[in-house]
Amino acid sequence: MKVNPELIDEIKKYGAFDISACFNCGNCTAVCPLSKEDASFPRKLIRAGHVGMEEKIGSALEPWHCYYCGECSATCPREAQPGEYMMALRRYLIAKYDITGLSKIFYKTGWLQTWLALGMLAFFYWLYASYTGDFGALAGKIELAFPVYVTVALGGYVLNMYRHAVVKPLGGIKASLKPAHIYETLVHGFTQKNFNGCEETDLVRWAAHLLVMSGYVLTLLISNLHLLAPLDKHYGAFHPVSLLVWYAGFGILVGGGVMSLRRVFKSAESSKFSHPSDWLFVVTMFLIGASLLFTHYLNVAYGPGDPLLAKVYRLNIAIETVWIILIVPFTKWIHIFFRPLAVYFQHVKKEAEAGTAFSL
Amino acid sequence: MDEKITEAASKDNYRQEPKVGVYVCHCGGNISDIIDVKAVAAALAKYPGVAVAREYAFMCSSNGQDLITKDIKELGINRTVVAACSPSLHELTFRGVLQRAGVNPYLHEHINIREQASWVHKADHDGATAKAIKLAQAGVEKVLRKDALNAIRVAAEQRVAVIGGGVAGMRAALSAAGKGLEAVIIEKAPRLGGRLLELGKMYPSGEEGPAVAKKLEDLVLAEPKITVHTGAEIDFVSGFVGNFKVNFKKPDGSSQQVKAGALVMATGYEHYKPAKGEFGYGEDGNVLTLPEFISLMKKLPAGRLEYGGREIKSLALIHCVGSRQVEGVHKPQADGKINDYCSRVCCTSALYAANQLKEKYPGVRVYDVYRDIRTYGMQHEDYYDKASKDGVLFMRHNETDQPVVVSDRTGHTVKVKDVLTWGEELEFKADLVVLVTGMMPADISLIRSQMKLPASADRFLQEVHPKLRPVELANSGVFVAGAAQYPMDVTEAMASAGTAAAKAAILLAEPDIPLEPFVAVVDEHKCTGCGLCPPECSYDGALMMTEKNGKKLAVVNPALCKGCGACVAVCPVRAINVAGWTLDQFDAMVEAIAKE
């Protein structure tokens with residue numbers, strides 16, 4: 001095999017800044033709860049990156065199983081941060097599978113990233129300035145674009161991942177039709193049950209994630225289902241929609257706040273390294289939560305006619321619109337989506353090796 | 001013989017009535033838990049020739065020693081047998097007791113009833129006791145036949161001859177001069193400095209090799225006690241401790257002789273020279289050894305790495321070239337041996353060179369092909385660490401799967417069966433291949449054969465004991481400094497040279513050198529001059545045939561004799577004995593032990 005040292009340089013742009021320090025001792029593999037009898041994870045993926053095995057990396061499913069418990073990084077004698085390498089691999093793979101090309105710009109450290117952030121800001125300002133009149137209805141229409149965009153982008157992901165992880169290495173279209181496998185895939189999707197495999201379950205991390213995720217999903221539902229019409233109706237503080245909004249807003253603020261503090265104080269292995277995209281994510285999320293809360297507070301306290309309310313609501317809608325564009329490349333979010341897929345593809349690979357897979 | 005040697009193992013002619021004191025040690029239970037020490041003392045007290053026999057908890061303690069002193073003073077004891085631990089532990093202790101009490105220290109016999117009786121016969125108390133009695137009785141028989149010996153004293157030249165003027169030689173000369181000795185450096189090259197002169201930046205301080213050489217050279221030249229001969233070609237080295245003679249030719253063709261009390265061998269190393277075609281070396285391609293590459297890098301400005309007019313964008317380092325060679329895989333050297341030893345310092349110097357390379361030419365791709373990385377020294381691991389972090393790609397092969405370099409018009413393709421990539425054969429292009437060559441000892445075969453200096457299987461000079469006597473050769477008065485002993489870096493060579501100089505200074509601290517009197521002694525009346533013994537002698541010049549009053553005779557040079565006894569064994573008429581270990585003594589011991 002021809003050595004390709006360019007690959008590791010490329011992966012390093014996605015955040016694995018220290019991985020060249022690895023000298024293949026295998027300590028990471030010894031402590032990794034995911035490592036099986038063949039003792040290959042994460043050791044072999046690191047080596048494959050070093051020598052430039054592009055196909056092996058492109059078809060790797062293991063990074064999606066990793067929850068970044070950080071045992072490997074804590075044990076690494078060379079401080080090569082294997083945990084962060086897995087994170088970078090996930091970003092690299094997302095960029096590889098992404099049909100929009102946005103992820104690549106977003107994750108690679110460099111001037112494009114700065115331009116993207118600045119562009120977002122400009123776009124945000126333009127939206128804010130141009131939403132006039134009955135922008136609530138306009139916002140509703142724009143939000144309609146969201147499911148379409150997400151479906152197209154995610155569809156691209158699934159197809160590309162399938163192509164790289166299954167079709168290319170196995171040389172054909174293969175599938176597993178075993179109900180048990182499909183069931184397990186769904187279970188993983190909903191419960192993220194492999195997290196229990198990590199030796200020290202980080203309860204704070206788990207709770208913060210839960211708060212942010214549930215708050216965030218609620219926010220999307222509220223916007224997309226157009227549950228909220230703050231300029232038309234006056235809501236009571238304990239109205240059912242109000243309760244949803246309070247939960248969603250505080251969930252994002254508290255959960256996001258905890259996660260940001262952990263990043264600032266680097267309290268766990270998984271929060272030691274912050275990629276610029278992490279901060280962009282956290283800040284935008286914060287703004288969504290804060291503007292949503294503030295909008296609703298003004299409505300509850302002063303009624304729909306309050307002049308400040310219209311401005312804040314406009315701000316809220318503008319941020320959420322910008323956000324739509326960014327939603328797809330975020331690993332944090334996409335995790336939930338890729339992990340069960342990885343579980344399923346693993347089954348397909350195994351079945352294909354055993355000759356029992358469905359094939360075309 | 002023009003050297004002054006005082007009183008070789010001469011016999012003490014006045015003989016007092018022998019009065020033997022026997023002292024049985026308990027060794028704090030080590031002996032007395034198994035052996036009935038009271039019974040041993042009682043049995044010995046009755047033995048012919050024994051004036052007194054005692055037992056005590058710790059004979060080596062000051063109370064135990066006082067016991068012997070008191071008996072010497074009050075009972076007139078003039079020979080002692082101590083039945084205790086191994087003589088290697090405390091024989092010198094008791095010789096000291098005798099000497100302080102005014103008795104010849106060699107009239108002592110140390111019997112080992114701990115290692116040879118109590119420890120090995122734990123289950124058989126009676127048997128151990130009986131054996132201890134026999135051993136002690138044999139000791140009495142021996143000590144009764146002992147002569148009062150005197151240490152041999154050899155007048156010594158107060159001068160150290162240092163062979164080799166590299167870093168180790170200069171350091172050794174400076175240290176010896178610092179101790180007040182004269183030092184003479186004899187260097188074959190036209191100037192001092194040795195291998196330092198060809199080096200670039202050196203770890204760990206980052207100083208340039210030639211700069212360090214210059215510093216040492218300035219100190220050496222400023223030191224009035226040091227004489228330097230450069231361009232000197234040694235043609236004959238002879239002599240023995242205290243009286244070595246080094247003969248050499250000066251650059252003008254004239255001969256000179258240096259006399260010295262001690263010799264420091266600071267003869268250094270040679271770089272391994274790859275065979276023609278070994279990884280493409282010596283053919284048209286861009287294949288260099290690490291020393292050659294270091295010289296190249298020294299000359300080039302930063303920014304663009306160039307060799308043979310072409311820019312070098314990728315470079316392969318191949319470790320263990322000429323080191324850790326494998327039987328059946330590597331071609332043997334001229335002497336038929338392979339270099340199966342590790343040259344120790346090459347891993348670190350290769351990595352340090354890679355660090356510098358990455359600093360000076362960050363764009364160059366560096367591939368490092370190794371079998372094992374042995375960055376053994378202080379901070380050496382940091383260079384390995386840094387090389388990895390700088391993106392040097394390491395590939396590791398097995399001893400039997402050597403990397404292959406294929407050269408063509410476009411450059412070199414290196415193929416490695418990489419165990420880190422689960423045995424996959426990796427290949428990459430390299431504009432320049434650098435062979436990390438090992439060290440071989442400098443060719444000092446002339447001095448080695450003239451002086452019979454011991455060498456290890458790796459052909460480097462070999463010390464007496466790696467831990468206990470690390471810079472002394474078996475030849476008394478000859479010390480080794482630096483990489484003549486084994487591959488070492490500058491830091492280690494400095495330390496070793498300082499040690500060698502200190503050892504030489506201890507040896508020459510007094511105007512004459514005391515030597516153990518246990519050397520061969522020829523009975524001139526018995527010797528028939530048959531000439532059987534000199535061929536058995538392993539120490540050049542220690543035993544020779546001569547003529548005295550028309551009679552052929554064997555004569556011993558006590559300064560060279562090691563007392564091995566090889567000559568004793570071949571003498572058909574029992575004319576040779578080793579002082580302190582005579583045949584009569586052995587006969588009597590055997591008889592005492594065998595007696596019913």
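Not measured: the values here are computed from a predicted model.

J.: Account for the overall build of chain A, naming residues and giving values.
T.: Each helix and strand in chain A was counted, giving 16 helices and two strands. Out of the 360 residues belonging to chain A, those deemed buried represent 38%. Considering only intrachain contacts with a sequence separation of at least 6, the fraction spanning at least 24 residues in chain A is 77%.

J.: Summarise the overall build of chain B; cite the residues concerned and give the values.
T.: Counting its secondary structure elements, chain B contains 14 helices and 31 strands. Projected onto its principal axes, the C-alpha positions of chain B cover 95 × 65 × 45 Å. A buried classification covers 47% of the 596 residues belonging to chain B. When contacts within chain B are restricted to residue pairs at least 6 apart in sequence, those whose partners lie at least 24 apart make up 69%.

J.: An account of the nonpolar core is requested, with residue identities and associated values reported.
T.: Side chains of nonpolar character tend, in soluble globular proteins, to be buried together. Formed by 239 residues in total, the largest nonpolar core has its most connected members in Ala83(B), Val162(B), Val264(B) and Phe479(B). For this core, the element with the most residues is helix H7 (residues 82-97) of chain A, which contributes ten residues. Those residues in contact with Phe479(B) that lie beyond four places of it in its chain are Ala262(B), Leu263(B), Val264(B), Met265(B), Val471(B), Glu472(B), Leu473(B), Ala500(B), Lys503(B) and Ala504(B). Grouped together as the second largest cluster of nonpolar side chains are 25 residues, Leu292(A), Leu298(A), Ala318(A) and Ile319(A) included.

J.: Requested: an account of the environment of Val348(A), with residues and values cited.
T.: All names here are of chain A. Looking at the element boundaries, Val348 is found in helix H16 (residues 331-354). Judged by the 24 C-beta atoms lying within 10 Å of it, Val348 falls in the buried class. The sequence separation of Val348 and Leu231 amounts to 117 residues, and the corresponding C-alpha distance is 52 Å.

J.: Kindly report on the packing of helix H5 (residues 125-144) of chain B against helix H14 (residues 583-594) of chain B, identifying the contributing residues and their values.
T.: All names here are of chain B. Between H5 and H14, the least distance of the axes is 8 Å, while the angle of their chain directions is 150°. Judged by the inter-axis angle, H5 sits roughly antiparallel to H14. Two packed elements cross with a definite hand, and for H5 against H14 that hand is right-handed. For the pair formed by H5 and H14, the contact residues are Lys134, Gln137, Ala138, Glu141 and Lys142 on the first element and Gln585, Ala588, Met589, Ala592 and Ile593 on the second. For the contact of H5 with H14, the residue count by class is five nonpolar, two polar and three charged.

J.: Account for the confidence of the model for chain B, with residues named and values stated.
T.: Detailed reading of the predicted coordinates is not advisable wherever pLDDT is low. Residue and element names in this part refer to chain B. Overall, the prediction assigns chain B a mean pLDDT of 93, with 97% of residues at 70 or greater. Low pLDDT (under 50) marks residues 6-14, which in the prediction has 18 contacts with non-local residues, meaning those over four places away or in another chain. The complex model carries a pTM of 0.78, and its ipTM stands at 0.81.

J.: An account of the pairing of strand S2 (residues 20-25) of chain B is needed here, citing residue identities and associated values.
T.: Residue and element names in this part refer to chain B. Counted residue by residue, S2 has six buried out of six residues, so it is predominantly covered. Burial of S2 is two-sided: the residues Val20, Val22 and Val24 facing one way and the residues Gly21, Tyr23 and Cys25 facing the other way are all buried. By the bridge criterion, six bridges tie S2 to strand S3 (residues 50-56) in an arrangement that is parallel. By the bridge assignment, Cys25 is partnered in S3 with Tyr56. After leaving S2, the chain enters helix H1 (residues 37-45) and then returns to the sheet as S3, a path that is right-handed. Inspection of the sheet shows S2 paired to strand S4 (residues 79-84) by five bridges, in the parallel sense.

J.: Could you give me a rundown of H5(B), with the residues and numbers involved?
T.: Helix length check: H5(B), at 20 residues, gives a terminal C-alpha distance of 29 Å against a target of 28 Å (1.5 Å per residue), a fit within 8%. Of all 20 residues in H5(B), 14 are buried; the element is thus mostly enclosed.

J.: Can you explain the domain arrangement of chain A? Please cite residues and give values.
T.: Residues and elements named next belong to chain A. Structurally, chain A comprises domain 1 (6-97) and domain 2 (102-352). Contacts between domain 1 and domain 2 engage 26 residues on the former and 30 residues on the latter. Broken down by class, the residue content of the side of domain 1 that touches domain 2 amounts to twelve nonpolar, eight polar and six charged.

J.: Can you lay out the domain arrangement of chain B for me, pointing to particular residues and giving the numbers?
T.: The domain boundaries assigned to chain B delineate domain 1 (1-150), domain 2 (159-268 + 442-509), domain 3 (276-438) and domain 4 (519-578). Averaged C-alpha coordinates put domain 1 of chain B and domain 3 of chain B at centres separated by 63 Å.

J.: Please give an account of the sheet that holds strand S9 (residues 226-229) of chain B that cites residues and values.
T.: Residues and elements named next belong to chain B. Read across the open sheet, the five strands follow the order S9-S8-S7-S13-S26; overall the sheet is parallel. Two strands close off the open sheet at either side, each with one partner strand: S9 and strand S26 (478-480). Going across the sheet, the axis of each strand differs from the next one's by a mean of 20°, ignoring polarity. Pairing of strand S13 (residues 262-265) with S26 involves three bridges; the strand directions are parallel. For Val264, the partnering residue across the bridge sits in S26 and is Phe479. Contacts from helix H6 (residues 167-178) reach strand S7 (159-163), strand S8 (182-186), S9 and S13 within the one sheet, and its direction differs from that of S8 by about 165°.

J.: Just give me the short version of the packing of H6(B) against helix H12 (residues 490-507) of chain B, but keep the residues and values in it.
T.: All names here are of chain B. Remark: H6 packs on H12, axes separated minimally by 8 Å, with the N-to-C direction vectors making an angle of 35°. For the pair H6 and H12, the crossing hand works out as right-handed. Of the residues in H12, those in contact with Val167, Ala168, Arg171, Ala172, Ser175 and Ala176 of H6 are Val490, Ala493, Met494, Ser496, Ala497, Gly498, Ala500, Ala501, Ala502, Ala504 and Ala505. Among the residues forming the contact of H6 with H12, the class breakdown is 13 nonpolar, three polar and one charged.

J.: Quick rundown of the interface of chain B and chain A? Include the residues and the values.
T.: Taken residue by residue, the interface counts 14 residues in chain B and twelve residues in chain A. Of all elements in the fold, only helix H10 (380-389), strand S20 (393-396) and strand S23 (424-430) of chain B reach the threshold of two or more residues within the side of chain B that touches chain A. Residue contributions to the side of chain B that touches chain A peak at five residues, all from S23(B). Across the side of chain B that touches chain A, the residue classes break down as five nonpolar, three polar and six charged.

J.: Please give an account of the pairing of S20(B) that cites residues and values.
T.: Residue and element names in this part refer to chain B. Bridge analysis of strand S19 (residues 365-370) against S20 gives four bridges, and the strand direction is parallel. From the neighbouring strand, Asp368 faces S20, where its bridge partner is Phe394. The parallel pair S19 and S20, bridged by H10, forms a crossover whose chirality is right-handed.

J.: Any chance you could break down H7(A) for me, citing the residues and the numbers?
T.: Its 16 residues give H7(A) an end-to-end C-alpha distance of 22 Å, which sits within 8% of 22 Å, the value for a rise of 1.5 Å per residue. Taken across its 16 residues, H7(A) has 15 buried, putting it largely inside the fold.

J.: Before we move on, could you go through unusual backbone geometry and cite the residues and values that matter?
T.: Of the consecutive residues Phe41(A) and Pro42(A), the connecting peptide bond is found in the cis state with omega at 0°. Between Tyr203(B) and the following residue, Pro204(B), the backbone shows a cis peptide bond with an omega angle of -5°. Turning to its location among the elements, Pro204(B) is positioned in the loop between S8 and helix H7 (209-222). We note that Tyr68(A) has phi near 55°; this positive angle belongs to a residue other than glycine. Position of Tyr68(A) among the secondary structure elements: in the loop between helix H5 (62-65) and helix H6 (71-75). Of note in this structure, Phe279(B) is not a glycine but carries a positive phi near 50°.

So, how was this worked out
- Residues numbered from 1 in each chain as written.
- Chains lettered and ligands numbered in written order.
- Predicted model: local features only at pLDDT ≥ 70, side-chain atom pairs only at ≥ 80, totals over all residues.
- Helix = DSSP H or I, 4+ residues; strand = E, 2+ residues; numbered from the N terminus.
- Buried ≥ 20, exposed ≤ 12 C-beta atoms within 10 Å, placed from the backbone.
- Contact = placed C-beta atoms within 7 Å.
- Core = buried A, V, L, I, M, F, W, Y, C linked by C-beta atoms within 7 Å.
- Axes fitted to C-alpha atoms, helices over the stretch in contact; angles between N-to-C directions.
- Parallel < 35°, antiparallel > 145°, perpendicular 65-115°, else oblique.
- Left-handed = near helix turned anticlockwise from the far one by under 90°.
- Nonpolar A, V, L, I, M, F, W, Y, C, P; charged D, E, K, R; others polar.
- pLDDT = per-residue confidence, 0-100.
- Pairing = 2+ DSSP bridges.
- Right-handed = clockwise from strand over helix to strand, strands pointing away.
- Expected span 1.5 Å × (residues − 1).
- Domains from an automatic or database assignment.

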